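Each chain is listed here by its residues.
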Amino acid sequence: MSYQTTYETIDFTIQDGYAELTLNRPEALNTFNAAMHTDLKRVLVDVEFDDRIRALLLTGAGRAFCAGQDLSDRAVSDDAKPTDLGHTLDTLYNPLVRKLRSLPMPVVCAVNGVAAGAGANIALACDMVMAARSAKFIQAFCKIGLLPDSGGTWILPRLVGPARAAALSYLGEALSADDAEQWGLIYRAVDDTDLMHEARQLCTHFATQPTQGLAGIKKALQASWHNDLEQQLDLERDLQQQLGWSEDYREGVAAFLAKRSPVFKGR
Ligand code: LHQ
């Protein structure tokens, strides 16, 4: 059974134990506007608390994944005071990044076409990123006098190292999906025609897996960026302790010993 909801700027479907969220302003390259932020906020709260959803797939409609902020919303006449971008980040983009990073399930991003500006960094905030071979990643911010936001200056050096992070940020040149994979920016580049099939297969797989265990992996991997080994060992102990009390752990061990396939319920 699948459940579909259409919002003004996104499509949202729940099927096979996972949710698929499609940015749907293809005529505007799925750029972020106020309505899209509102729709995303609403739908991601539902994702967090709906126990039918054990993975989230994020993608875009049309030829782009997302070209970042809709700059046609941001034109500033000579005599007008520009919008406070700090406020924009504080109220719209930063909560979105935090939500994707904290959802207690894997978030897979299928980058179907160009991902520019905040669009690139929202993709990189996801747990596993696949991209169509024709897709490109562009840190376009430097071309309009800005710096990579939505976590860009944090994630880029961590994923690709300081030299490549600097080149991407200072030059704003397009990086192909193949190079993004080779650089370690994304998990995998796949043929355009295979992208959605492969991304959906990954989510269908996650939907049968121990969801709390996957959420524990997510937490621990993220914390490792700022923890030292001592702190990380303690965190692994605490998370493993909780997971050891889960139904899915009990089922995993029982199934292993009985030489049968486990049936995980996400509990
Ligand atoms: C666009 C856009 C766009 C409006 C293409 N807006 N129309 C956060 C806080 C607050 C404010 C500031 O921003 C941020 C975060 C950010 O995201 S800043 C970065 C914003 N994004 C960009 O700077 C990317 C600008 N776009 C591009 O570099 C190119 O359009 C890309 C590489 C995305 C696509 O290139 P092409 O495939 O060659 O397409 P195109 O350039 O011909 O674009 C198609 C149309 O889409 C075109 O309009 P037109 O009327 O001529 O058909 C573009 O003007 C429009 N468009 N991005 N962000």
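Overview of the structure. Everything numeric in this text was worked out from a predicted model, so none of it was measured. In every chain, residue numbers begin from 1 and rise along the written sequence. pLDDT decides what is reported in this predicted model: residues at 70 or higher carry local features, side-chain atom pairs at 80 or more are listed and counted, and totals for whole chains, interfaces and linings draw on all residues regardless. Based on all heavy atoms of the structure, the side-chain values leave hydrogens and waters out of the count.

Time to look at the nonpolar core. Buried Ala, Val, Leu, Ile, Met, Phe, Trp, Tyr and Cys residues that are joined via side-chain atoms within 4.5 Å together make up what is termed a nonpolar core. Three labels apply to residues, based on accessible area from a 1.4 Å probe with only protein chains included: buried if under 20% of the type maximum, exposed if over 50%, partly exposed otherwise in between. If you look at the biggest cluster of nonpolar residues, it comprises 50 residues, and the most contacted ones within it are L21, L56 and V111. In this description, contact between two residues means that some pair of their heavy atoms is separated by no more than 4.5 Å. Leave out the neighbours within four places in its chain, and L56 touches A19, L21, L44, V47, L100, L103, M105, P106, V107, V108 and C203.

What follows deals with the packing of helix α8 (residues 211-223) against helix α9 (residues 229-243). Taken N-terminus to C-terminus, the directions of α8 and α9 make an angle of 170 degrees; their axes are 10 Å apart at the nearest point. It follows from the interaxial angle that α8 and α9 lie roughly antiparallel. Where α8 approaches α9, its residues Q212, G213, G216, K219, A220 and A223 are matched on the opposing element by Q232, L235, L239 and L243. Class assignment of the residues belonging to the contact of α8 with α9 gives a composition of 5 nonpolar, 4 polar and 1 charged. Here an angle of 0 to 180 degrees is reported between the N-to-C directions of two axes, which are lines fitted to C-alpha atoms, with helices fitted over the stretch in contact. A run of H or I in DSSP becomes a helix once it reaches four residues, and a run of E becomes a strand once it reaches two; helices and strands are each numbered from the N terminus. Orientation labels follow simple angle bins: below 35 degrees gives roughly parallel, above 145 gives roughly antiparallel, 65 to 115 gives roughly perpendicular, and whatever is left gives oblique. Classification used: nonpolar for Ala, Val, Leu, Ile, Met, Phe, Trp, Tyr, Cys and Pro, charged for Asp, Glu, Lys and Arg, polar for all others including Gly.

Any residue with a non-hydrogen atom lying within 4 Å of a molecule or strand is treated as near it. Around the ligand, the structure places 21 residues, and the nearest of them are R63, A67, Q69, L71 and A118. Think of a polar contact as two N or O atoms within 3.5 Å of one another; within protein, one of them needs to be a possible hydrogen donor and the other a possible acceptor, and neighboring residues in sequence only count if both atoms come from side chains. R63 is positioned such that a nitrogen or oxygen atom in its side chain is 2.8 Å from an oxygen atom of the ligand. Within the backbone of A118, a nitrogen or oxygen atom sits 2.9 Å from an oxygen atom of the ligand. Using the Shrake-Rupley algorithm and a 1.4 Å probe, accessible areas are obtained, with residue cover drawn only from the displayed protein chains. When isolated, the ligand has an accessible area of 1000 Å², and the protein chains bury 60% of it. For the shell around the ligand, the element with the highest residue contribution is helix α2 (residues 85-102), accounting for 4 residues. Each residue belonging to the shell around the ligand can be placed in one class, and the counts come to 12 nonpolar, 6 polar and 3 charged.

Glancing now at the environment of R200. Mapped onto the elements of the fold, R200 is located in helix α7 (residues 195-206). The spatial distance from the C-alpha of R200 to the C-alpha of L57 is 7.5 Å, given a sequence separation of 143 residues. When near neighbours in sequence (up to four residues on either side) are disregarded, R200 contacts Q15, Y18, E20 and L57.

What follows concerns a nonpolar patch on the surface. A surface patch of nonpolar side chains, amounting to about 340 Å² of accessible area, comprises L71, L85, I144 and L146. Note that L71 resides in the loop between β5 (64-66) and α2. Taking relative accessible area as the criterion, L71 reaches 47% and is therefore assigned partly exposed. What goes into a patch is any residue over 30% in relative accessible area without a salt bridge, connected to like charges within 9 Å or, for nonpolar side chains (Val, Leu, Ile, Met, Phe, Trp, Tyr), within 5 Å. Salt bridges are identified by distance alone: a Lys or Arg side-chain nitrogen within 4 Å of an Asp or Glu carboxyl oxygen.

Next up on the list: the side chain of D39. Among the structural elements, D39 can be located in helix α1 (residues 34-49). This count recognises Lys and Arg as positive and Asp and Glu as negative, with His and chain-terminal groups excluded. Buried charged residue D39 carries no salt bridge. Nearest counter-charge: R42, at 4.6 Å. D39 has contacts with Y7, E8, T9 and I10, leaving out every residue within four places of it along the chain.

Right, let's get into the pattern of salt bridges. On inspection of all chains with the given rule, the structure shows 12 salt bridges. A salt bridge links R200 to E20; the shortest N-O distance between them is 2.8 Å. Highlighted residues: R200 in helix α7 and E20 in strand β3 (residues 18-23), separated in sequence by 180 residues. One salt bridge in this structure joins R188 and E198, with 2.2 Å as the shortest N-O distance. In this pair, R188 sits in strand β11 (residues 188-190) while E198 sits in helix α7, placing the two residues 10 residues apart along the sequence. When its relative accessible area of 23% is taken as the criterion, E198 is described as partly exposed. Through salt bridges with shared partners, a single ionic network connects R133, D178 and D191.

Glancing now at the packing of aromatic side chains. Note on ring pairs: Phe, Tyr and Trp rings are taken, using the six-membered ring of Trp, and paired if centres are within 6.5 Å. Classes follow the plane angle, with under 30 degrees stacked, over 60 edge-to-face and the rest tilted. Within the structure shown, the criterion is met by 2 aromatic pairs. Taking 5.4 Å as the distance between ring centres and 80 degrees as the angle between the ring planes, the aromatic pair formed by F32 and Y93 counts as edge-to-face. Pair noted here: F32 is in the loop between β3 and α1 and Y93 is in helix α2, with a separation of 61 residues, a long-range link. For the pair F32 and Y93, a shared accessibility class is recorded, and that class is buried. Note on W154 and W225: the rings are 6.1 Å apart at their centroids and 80 degrees apart in plane angle, and the pair reads as edge-to-face. Placement of the pair is W154 in helix α4 (residues 152-160) and W225 in the loop between α8 and α9, with a sequence separation of 71 residues. Owing to a relative accessible area of 37%, W225 belongs among the partly exposed residues under this scheme. One residue, R52, lies across the ring of Y3, its end atom 4.5 Å from the ring centre. Counting as a charge over the ring demands two things of the Lys NZ or Arg CZ atom: a distance within 6 Å of the ring centre and an angle within 35 degrees of the ring normal.

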